[in-house]
Amino acid sequence: QVQLVDSGGGSVQAGGSLRLSCVVSGYTDSNTRCMAWFRQAPGKERELVAHILRGDTYYSDSVKGRFTISQDNAKNTLYLQMNSLKPEDSAMYYCARRRGVICSSSLLMYEYWGQGTQVTVSS
């Protein structure tokens with residue numbers, strides 16, 4: 001079984017930084033699979049934050065220039081570095097992985113999910 005465990009969330013002041021991590025176990029060929037970060041705030045739909053495949057990255061407009069997605073394949077770990085955090089970034093953040101070999105912005109195309117890690121940004 002493929003398992004994803006995400007962590008690193010917490011409470012920070014606006015303008016602060018956090019780094020989220022997602023450790024993949026089981027079948028760990030994540031360097032050839034699209035991996036992504038989604039987030040969901042209360043009362044809102046789950047939305048794509050960023051995804052990465054073989055070094056190619058995509059970011060939503062709301063986080064572009066502030067967040068960086070990366071992978072350490074030797075450690076089977078996905079990261080999301082979040083800088084200049086804003087209160088509107090507050091959400092539950094989830095890492096996800098596709099079985100397929102291309103990326104997608106649709107959460108329906110991701111089969112494996114972490115349990116979520118909470119990020120709270122206060123003004």
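Structure: see above.
Residues numbered from 1 in each chain as written. Predicted model: local features only at pLDDT ≥ 70, side-chain atom pairs only at ≥ 80, totals over all residues. Heavy atoms only, no water.

**Let's talk about the nonpolar core**
1) Next: One finds Trp37, Leu80, Met82 and Tyr93 to be the most contacted residues of the largest nonpolar core, which totals 26 residues.
2) Next: Contributions of two or more residues to this core are made by β3 (18–25), β4 (35–40), β5 (47–53), β7 (67–72), β8 (77–82), β9 (91–97) and β11 (117–122).
3) Next: Those residues within four positions of Leu80 in sequence are excluded, and the remaining contacts are Leu18, Arg19, Leu20, Trp37, Val49, Phe67, Thr68, Ile69 and Tyr93.
4) Next: Grouped together as the second largest cluster of nonpolar side chains are six residues, Ala36, Leu48, Ala96 and Tyr110 included. (Core = buried A, V, L, I, M, F, W, Y, C linked by side-chain atoms within 4.5 Å. Buried < 20%, exposed > 50% of the residue type's maximum accessible area, 1.4 Å probe, protein only. Helix = DSSP H or I, 4+ residues; strand = E, 2+ residues; numbered from the N terminus. Contact = heavy atoms within 4.5 Å.)

**Observations concerning the pairing of strand β1 (residues 3–7)**
1) Next: Burial along β1 is one-sided: Leu4 and Asp6 are buried, while Gln3, Val5 and Ser7, pointing the other way, are not.
2) Next: With five bridges connecting them, β1 and β3 associate as antiparallel partners. Across the sheet, Leu4 pairs through a bridge with Val24, a residue of β3. (Pairing = 2+ DSSP bridges.)

**Comments concerning the packing of aromatic side chains**
1) Next: Applying the stated criterion across every chain, the model contains four aromatic pairs.
2) Next: Between the aromatic rings of Phe38 and Trp113, the centroid separation amounts to 5.1 Å while the plane-to-plane angle is 50°, which identifies the pairing as tilted. Pair noted here: Phe38 is in strand β4 and Trp113 is in strand β10 (residues 112–113), with a separation of 75 residues, a long-range link.
3) Next: Taking the relative accessible area as the measure of exposure, Phe38 reaches 1% and is therefore buried.
4) Next: On the accessibility criterion, Trp113 (25% relative accessible area) is partly exposed. (Phe/Tyr/Trp six-rings, centres within 6.5 Å; stacked < 30°, edge-to-face > 60°.)

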